[in-house]
Amino acid sequence: MVRPVKPARRRDGRPGPITRYPKDPEKYGDPANWKYPVHTPFHARAARRYFNDPRNRAKYTEPEQAYIDKKINEALRKFGVPIALGPSATEPEAATIQADIPINKDIDAMTLEELLLAFLGENRLASARHIPADQVHVDKESKSLISGSVKEYSVVIDIAGQRVEHDCVDFRRNRARGKLLCKHLGAFSLRIEPKTATALLRRLLHERDRWTFE
Ligand SMILES: [Zn+2]
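All figures in this text were calculated on a predicted structure; none of them were measured in a lab.

Asker: Sorry, what's going on with the overall build of the protein chain here?
Answerer: A tally of helices and strands in the protein chain yields seven helices and seven strands. The order of α-helices and β-strands along the protein chain, N terminus first, is β-β-α-α-α-α-β-β-β-β-α-α-α-β. Residues counted as buried form 29% of the 214 residues belonging to the protein chain. Contacts in the protein chain between residues at least 24 apart in sequence constitute 56% of all its contacts with a sequence separation of at least 6.

Asker: Sorry, what's going on with the sheet that holds strand β6 (residues 163-166) here?
Answerer: Read from one edge of the open sheet, five strands run β3-β4-β5-β6-β7, paired in mixed fashion. Single-partner strands in this sheet number two, and they are β3 (136-141) and β7 (212-213). By the bridge criterion, five bridges tie β3 to strand β4 (residues 145-150) in an arrangement that is antiparallel. Pairing of V136 across the sheet is with V150, part of β4.

Asker: Sorry, what's going on with the confidence of the model for the protein chain here?
Answerer: Low-pLDDT stretches of the model should not have their predicted coordinates read in fine detail. This prediction gives the protein chain a mean pLDDT of 84; 86% of its residues lie at or above 70. Note that residues 85-104 has pLDDT below 50 and, in this model, 31 contacts with residues that lie over four places away or in other chains.

Asker: Is there a simple way to think about the nonpolar core in this case?
Answerer: Burial of nonpolar side chains together is a common tendency in soluble globular proteins. With 24 residues, the main nonpolar core has F119, L120, L181, L185 and F188 as its most contacted residues. Of all the secondary structure elements, the ones that give two or more residues to this core are α4 (112-130), β4, β5 (153-158), α6 (183-191) and α7 (194-206). Take this core: its biggest share by element is seven residues, from α4. Aside from chain neighbours lying at most four places away, what touches L181 is F119, L120 and G186. Counting residues in each nonpolar core, the second largest holds 13 residues, with Y28, I72, A75 and F79 among its members.

Asker: Quick question: what am I supposed to make of unusual backbone geometry here?
Answerer: In this structure, W34 takes a positive phi of about 55° despite not being glycine. Along the chain, W34 turns up in the loop between β1 (28-30) and β2 (35-37). W34 gets classed as partly exposed once you count the C-beta atoms within 10 Å, which come to 19.

Asker: Help me understand the pairing of β6 in this model?
Answerer: Regular strands place side chains that alternate from one sheet face to the opposite one. Across the two faces of β6 the burial differs, with V164 and H166 buried and R163 and E165 not buried at all. With four bridges connecting them, β5 and β6 associate as antiparallel partners. In the sheet register, D158 faces β6, and the bridge partner there is R163. Relative to β7, β6 runs parallel, the two being bridged by two bridges. Counted as the bridge partner of V164 is F213 from β7.

Asker: I would appreciate a short explanation of the packing of α4 against α7 in the present structure.
Answerer: Angle between the axes and distance between the axes are the two parameters that describe a pair of packed helices. Interaxial distance between α4 and α7 falls to 9 Å at its minimum, and their mutual angle equals 45°. With respect to α7, the axis of α4 lies oblique. The handedness of the crossing between α4 and α7 is left-handed. For the pair formed by α4 and α7, the contact residues are L112, L115, A118 and F119 on the first element and P194, A197, T198, L201, R202 and L205 on the second. Of the residues that constitute the contact of α4 with α7, the class distribution is eight nonpolar, one polar and one charged.

Asker: Just to check I follow, could you spell out α7 for this structure?
Answerer: Helical geometry note: an α-helix holds 3.6 residues per turn, so side chains three or four residues apart project in the same direction. Over its 13 residues, α7 extends 18 Å from the first C-alpha to the last, a length consistent with the 18 Å expected when each residue adds 1.5 Å. Burial in α7 covers these residues: T198, L201 and L204. For α7, the angular spread of the buried residues around the axis is 130°, confining them to a single face. More than 90 degrees from the buried face of α7, the exposed residues found are K195 and H206. Check the buried side of α7 and you find it contacts α4 and α6.

Asker: What am I meant to see in the packing of α4 against α6 here?
Answerer: Where α4 meets α6, the axes come as close as 8 Å, and the angle between the chain directions of the two elements is 90°. Classified by the interaxial angle, the pair formed by α4 and α6 is roughly perpendicular. Residue-level contacts link L116, L120, R124, L125, S127, A128 and R129 of α4 to K183, G186, A187, S189 and L190 of α6. Its residues assigned to classes, the contact of α4 with α6 shows six nonpolar, three polar and three charged.

About the criteria used
Residues numbered from 1 in each chain as written. Predicted model: local features only at pLDDT ≥ 70, side-chain atom pairs only at ≥ 80, totals over all residues. Helix = DSSP H or I, 4+ residues; strand = E, 2+ residues; numbered from the N terminus. Buried ≥ 20, exposed ≤ 12 C-beta atoms within 10 Å, placed from the backbone. Contact = placed C-beta atoms within 7 Å. Pairing = 2+ DSSP bridges. pLDDT = per-residue confidence, 0-100. Core = buried A, V, L, I, M, F, W, Y, C linked by C-beta atoms within 7 Å. Axes fitted to C-alpha atoms, helices over the stretch in contact; angles between N-to-C directions. Parallel < 35°, antiparallel > 145°, perpendicular 65-115°, else oblique. Left-handed = near helix turned anticlockwise from the far one by under 90°. Nonpolar A, V, L, I, M, F, W, Y, C, P; charged D, E, K, R; others polar. Expected span 1.5 Å × (residues − 1). Arc of directions from axis to C-beta.

Right, here's the structure in full:
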């Protein structure tokens, strides 16, 4: 085993964080050069794919490669992404939505019902509908932020920051496998104004690879 060493600053490294990416260098596989961002499951998987390319690996010494591998793998594990960890492992394109979503369907033409089905699947949508109305609370509903709670779980949808924050186990466990919403978030979507919910879910579907789910 090679002892990991943090990559040195390079002349061709980025001068700073990528626009709209984390400003914390620790969220990058190569912090000194702002490369290989690993702050979301999508980006961690992408980092794994790019860093598996021998041409990209060759730019680093072996101990530096070990460092970047370690950072990427830690992120993948944190997000619960099942993956073979070796540098030779190949990772298919990140699948970030239920398999049954109609690929050729125009997202902007999808109804709220269709959107919820795509995000939740039939069984979870049914569970979402079974959550009693008095257990779903919307505290704030503005253009940039929607927040509240479902049962004992909090919900924050930060539209401006492209971030969904929710703390149930199902959400945490499944998001890395592309199931972005749980029954609570489904129930929450059903509670907010239908027009707002439809716009939000369409946007989530369009921009799903750019949003953070945590
Ligand atoms: Zn939940």
